[in-house]
Structure formats: C-alpha cells, structure tokens
Amino acid sequence: MIDDRFSSLEAVPRGSKDIANVSHLVYSRRWQYLGGVLGMLGLGSATTLLSSQPPRWAKPMLGGLLAAGVAAAGLGVANIWRLAVEQHTLRLPLWPSSLNGFKIAQLSDLHLGPNYSQRVLRQALASIKRWQPDIILLTGDFVNRPSDVGTLERMLTGINAPLGVYACLGNHDYWDDPQLIARTLNKVGVDVLLNQHRVVHWREQAIVIAGVTDPWQANADLALALHNAPAAPIILLAHGPDFADTAAQHKVALQLSGHAHAGHINAPWLGPLVVPRWGEKYPHGRFMIDQCGLYVSRGLAGLPIRFGATPEVGLLTLVSA
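Everything in this summary refers to the structure shown in the same document. Everything numeric in this text was worked out from a predicted model, so none of it was measured.

**Describing the overall build of the protein**
The helix and strand inventory of the protein stands at eight helices and 16 strands. A total of 321 residues make up the protein; the buried ones form 53% of that total. About 14,800 Å² of surface is accessible on the protein, with carbon and sulfur atoms providing 56% of the total.

**A word on the sheet that holds strand β6 (residues 190–192)**
In spatial order, the strands read β2-β16-β3-β4-β5-β6; together these six strands make up an open sheet with mixed pairing. This sheet does not close on itself; its edge strands, each paired only once, are β2 (84–92) and β6. When strand polarity is set aside, the average angle formed by the axes of neighbouring strands in this sheet is 25 degrees. Pairing of strand β4 (residues 135–139) with strand β5 (residues 165–168), which is carried by four bridges, proceeds in the parallel orientation. Of the residues in β5, the one forming a bridge with L138 is A167. Against the sheet, helix α3 (residues 115–131) touches β2, β3 (102–107), β4 and β16 (312–320), its axis set at about 175 degrees to β3.

**What about helix α6 (residues 178–187)?**
When α6 is considered as a whole, its buried residues turn out to be P178, I181, A182, T184 and L185. The buried side chains of α6 occupy one side of the element, clustering within an arc of 160 degrees when seen end-on. On the buried face of α6, the contacting elements are α4 (149–156), α5 (171–175) and β6. At the C-terminal side of α6, G189 shows a positive phi close to 95 degrees.

**Quick word on the pairing of strand β10 (residues 254–257)**
Of the two faces of β10, the one holding L254 and L256 and the one holding Q255 and S257 are both buried throughout. Two elements, strand β9 (residues 234–237) and β10, share three bridges in a ladder whose sense is parallel. The residue bridging L237 from the neighbouring strand is L256, located in β10. Assessed by its sense of winding, the connection that carries the chain from β9 through helix α8 (residues 244–249) to β10 is right-handed. Direction of pairing for β10 relative to strand β15 (residues 292–296): parallel, over a ladder of four bridges.

So, how was this worked out
All residue numbers refer to positions counted from 1 along the written sequence of the respective chain. Only residues with pLDDT of at least 70 are given local features in this predicted model, and only at 80 or more are side-chain atom pairs given and counted; all residues enter the totals for whole chains, interfaces and linings. Side-chain numbers come from the whole structure's heavy atoms, not from hydrogens or water. Numbering of helices and strands runs from the N terminus; a helix is a DSSP stretch of H or I covering at least four residues, while a strand is a stretch of E covering at least two. Think of it in three bands: with a 1.4 Å probe and only protein chains considered, a residue is buried below 20% of the maximum accessible area for its type, exposed above 50%, and partly exposed in between. Accessible areas in this description were obtained via Shrake-Rupley with a 1.4 Å probe; residue shielding takes into account the shown protein chains only. Any two strands between which DSSP finds at least two bridges are classified as paired. As a rule, the C-alpha atoms of each element are fitted with a line to give its axis, helices using only the stretch in contact, and angles between N-to-C directions run from 0 to 180 degrees. Whether two residues touch is decided by their heavy atoms; if any such pair falls within 4.5 Å, the residues are in contact. Arc, as used here, means the arc of the directions from the helix axis to the C-beta atoms. Handedness of a crossover is defined as follows: with both strands directed away from the viewer, a clockwise route from the first strand across the helix to the second makes it right-handed.

Note that every value here comes from positions in space, so none of it alone points to a role or purpose.
And the structure:
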C-alpha cells in the first residue's frame, strides 16, 4: 500500500542551485593551526635534510612526522569497523519521574552500502536486541546512494520494539531519493515522521514522538509537527543537532540528532576537524539547551575514516532531573 505522505518528497540534486551552501563546512581553527605548525616542521626538516651538511636531528624528525601521519591514518581507517555501545542515563528537567527508566535505542547516519557500514549495523542491531529498549529511533542519512536501498530493506527487515520504530530523514536522504528511502523504511515497519508526531503510551502515560524534515534541505516545521499534540513529554527526532535551539522554545524534553559524525576526526583540545552546516554548535554528545536535553550520535558510517569518533549505537535511559 502506497503512503501518500511521501508523494510530496522531492530530491534535491547535489550541486543544484536549490541547495544553499551544500559545501558549507566549518574547519576547526585549532586543527588549522596544528596543520600549519606540522607543515612548517616538515618543510624545515626536509629543507635541512637536503642541505650540504644536515644536522643529525633532521632525518629522525622528518621520519617521525611521516610515521606519525601513517600510523594516525591507519588507526583512523581501522576504527570504522569498531562499534562503540554508548549506554547513558539522561537526566531531563522536562521528563516526569513517573516515566523514569524509559529506554531508547538510537541509530543515526547508517550510510548503508560499503561493507563496513553493514558490519557495524549488524553489531548495533545485535546490541539493541540484547538491551530490549522500549522504542527505537532513527535520525536520518540511511544510504550511501539510492542504489543501496535494497541493502537498507534487507538489513532493517524485522527491526521492532514494543512501542515501535520511528525515523526522520537527513540531508543525504534529500540529496538522494527521499521518496524511495521513506517508502523503503515504511515497508519494513519504520514510521517516517515528516513534520508529524505520534503518541505512544508507557506505564499508561502518553509520550509524544515528533519528527521534523531535515532543517538544511527541507522545511523543518516543529510547530506543524506538534499541532494537536497532547500535553505530554516530547521526544523530537531532528537530523541536524543545531535545531535544538528551536526545540528548546517548544518545551521539548529531548532531541535526538546525528549528522556531524563528531567531525570523523576528533581529538582532545582540538575537537572535531570539520563539521557541517546544522552541526556546528552541537557536534556530538550530550547537551542541555535551557530545559531541553540533546543527544547527538556520532553515527554508524559515512567517510571511511574515524579517529576519536568511533561509530556508535546509543542506548539511552531517561530519568527526571
């Protein structure tokens, strides 16, 4: 049966004039400074090494810089296969104590297609099955390209939880084929929320599960998503984490997001190497914006390199602050 909700979804071609700042990426100034320093050290060592009488330290320094670069690159590639199970208790000001213990499994940025993306998804689904959450929530960017929707259907067939499985779409879904992706998700029992909400009941109490279209590539409208919603705690699915500033104005208890992948390369003090539009302020982890909680997943796949930003599945327990 065709779901008419998806007939209005339109793909936004990559490079189209309709895409505002598709290549809008923000590079960390700290990483830029580090790159400049390492570049100067490498250039200085190489220049000194080529001089008529190079000092003894020049060759070891240049070799050390090259070895460090190769080792870091190798570790970054190896980490794409390593799933981190992030199990957290989130204390939320707008979450009632009567609903303490509500369990959410979050998956984000599957980018299915490459072998490593399928491997970490299998591991994530196994972790979810063992943990037995009350609900499963998916926060966008499902395939690497439209031809991978068959893999998406195959791998998510059978996904279920007592209160259901819900999803929002991400920017990559709009760049590919949002209708095809949404219909595929719907086919395997995933309810795709397009500026819409659903009401679930746990311990005989209502919880609002809302989802907005991607704030970057579509018209994310939280007011529309919450239209006629009952007075109950709100959990919001929004692919772009910076949308939490809007969620906080609507008394959302918790927003779940992905999108930024923690920069794919992330280090202490330096932070993420690069983050995309709508993932600049809150690139990964836990945040509190006024009384709105925000959890940003590092996602499962994407670029084939991960350093300090391993793929993750989120196993989240909600309690009152």
